[in-house]
Amino acid sequence: MDLVEVLPQRLHMLRFPIGQAYLWRDGEALTLIDSGHVGAAAAIEEAVRSLGLSPERLARIVLTHCHRDHVGAAEELAGRWGAQVLAHRLEAPVIRGELPVPEPVLLDWELPLYAHGLTVPPAPPTRVDREVEDGEVLPFGGGAVVVHAPGHTPGSIGIHLPRHGVLFAGDCIAGVDRVMLGVFNVDRAGAQASFRRLAGLSPSVACFGHGDPLTEAAAATLRTAADLP
């Protein structure tokens with residue numbers, strides 16, 4: 001796993017072989033956006049300690065959606081450090097293992113990528129302590145706004161930190177080689193509408209589940225990719 005600084009003293013990306021998570025810091029209080037694959041907990045804890053911080057200060061894990069490369073380590077981390085796990089109301093039953101993961105409608109070129117993604121071990125049933133809705137404000141980052149962004153999965157969310165100009169887009173948007181609509185969507189038209197909604201927030205920093213964050217000209221790049229005026 002690679003640890004990449006995005007914003008000094010504030011935001012780091014945790015990059016795994018497939019996918020990534022983000023660590024947000026309010027002083028010594030920590031929030032994890034997604035959790036990587038099952039088995040990643042030890043590497044995440046080591047990364048936190050390498051920053052001079054304690055995993056005991058992990059207050060919450062916000063899951064952008066139910067896929068295995070985003071949920072895998074959440075149960076272990078939350079169980080070990082007492083962090084609260086948050087996800088959208090529509091995603092929570094899937095994360096808990098009460099409903100199956102929704103199947104995407106794959107384009108032909110997505111088929112080999114999807115097969116590769118399935119090499120990540122399935123996530124275990126994971127508790128969700130708080131089910132969130134569109135527009136809720138969470139107590140980190142000066143007020144983190146939940147943005148329901150369905151399409152990739154029905155309960156996918158983005159997290160917007162207006163005070164800092166930061167957007168966590170989950171897998172609705174990807175930044176691999178270029179900024180584009182994320183892959184493996186259950187509802188491609190819905191995902192495109194969510195892309196446009198997230199781009200309309202005009203962040204100065206955009207963080208994706210796959211691909212490098214945008215830290216320069218993020219708002220213009222997102223709007224162009226989403227085909228917004």
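Description of the structure in this document. (Residues numbered from 1 in each chain as written. Predicted model: local features only at pLDDT ≥ 70, side-chain atom pairs only at ≥ 80, totals over all residues. Heavy atoms only, no water.)

## Thoughts on the overall build of the chain
Move 1: Secondary structure assignment for the chain yields seven helices and 14 strands.
Move 2: What you see for the chain is a C-alpha radius of gyration of 16 Å, in line with the 17 Å of a compact globule of 229 residues.
Move 3: Taken over 229 residues, the chain has a buried fraction of 51%.
Move 4: Sequence separation of 24 or more characterises 62% of the internal contacts of the chain that already satisfy a separation of 6 or more.
Move 5: Accessible area for the chain stands at about 9700 Å²; split by element, carbon and sulfur atoms hold 53% of it.
Move 6: Between the averaged position of the 18 positive side-chain charges in the chain and that of its 27 negative side-chain charges there is a distance of 5 Å. (Helix = DSSP H or I, 4+ residues; strand = E, 2+ residues; numbered from the N terminus. Rg over C-alpha atoms; globule rule 2.2 N^0.38 Å. Buried < 20%, exposed > 50% of the residue type's maximum accessible area, 1.4 Å probe, protein only. Contact = heavy atoms within 4.5 Å. Areas by Shrake-Rupley, 256 points an atom, 1.4 Å probe, with all protein chains shown as cover. Lys, Arg positive; Asp, Glu negative; His and termini not counted. Charge placed at Lys NZ, Arg CZ, Asp CG, Glu CD.)

## A word on the sheet that holds strand 9 (residues 144–148)
Move 1: Reading across the sheet, the five strands line up as 8-9-10-11-14 and stay open at both edges, with mixed pairing between neighbours. Strands with a single pairing partner mark the edges of an open sheet, and in this sheet they are strand 8 (137–138) and strand 14 (205–207).
Move 2: Inspection of the sheet shows strand 11 (residues 166–168) paired to strand 14 by three bridges, in the parallel sense. The partner of Phe168 across the bridge, within strand 14, is Cys207. (Pairing = 2+ DSSP bridges.)

## What to know about the packing of helix 1 (residues 41–50) against helix 3 (residues 74–81)
Move 1: Put simply, helix 1 and helix 3 touch, their axes get as near as 9 Å, and they point 55° apart. The pairing of helix 1 with helix 3 is recorded here as oblique in orientation. In this structure, helix 1 uses Ala41, Ile44, Glu45 and Arg49 to contact helix 3, whose residues at the interface are Glu76, Leu77, Arg80 and Trp81. (Axes fitted to C-alpha atoms, helices over the stretch in contact; angles between N-to-C directions. Parallel < 35°, antiparallel > 145°, perpendicular 65-115°, else oblique.)

## A short note on the nonpolar core
Move 1: In this structure, Leu32, Ile44, Ile61, Leu63 and Leu77 are the most contacted members of the largest nonpolar core, which totals 29 residues.
Move 2: Elements represented by at least two residues in this core include exactly strand 3 (20–26), strand 4 (29–33), helix 1, strand 5 (58–62), helix 3, strand 6 (84–88) and helix 4 (92–95).
Move 3: Contact partners of Ile44, with chain neighbours within four places excluded, come to Met1, Leu14, Phe16, Leu32, Ser35, Ala73 and Leu77.
Move 4: In this structure, Val6, Trp24, Val62 and Ile157 belong to the second largest nonpolar core, which totals 20 residues. (Core = buried A, V, L, I, M, F, W, Y, C linked by side-chain atoms within 4.5 Å.)

## Notes on the environment of Gly39
Move 1: Along the chain, the position of Gly39 falls in the loop between strand 4 and helix 1.
Move 2: Since its relative accessible area comes to 55%, Gly39 is described here as exposed.
Move 3: Considered as a pair, Gly39 and Gly170 are 131 residues apart in the sequence and their alpha carbons are 20 Å apart.

## What to know about unusual backbone geometry
Move 1: Unlike most non-glycine residues, Asp177 shows phi in positive territory, near 70°.
Move 2: Tracing the chain through its elements places Asp177 in the loop between strand 12 (173–174) and strand 13 (180–181).
Move 3: With a relative accessible area of 84%, Asp177 lands in the exposed category.
Move 4: With a phi close to 65°, Phe184 is a non-glycine residue in the positive phi region.
Move 5: When you line up the elements, Phe184 lands in the loop between strand 13 and helix 6 (188–199).
Move 6: Owing to a relative accessible area of 15%, Phe184 belongs among the buried residues under this scheme.

Fair warning: the whole summary comes from geometry, so function is off the table for now.
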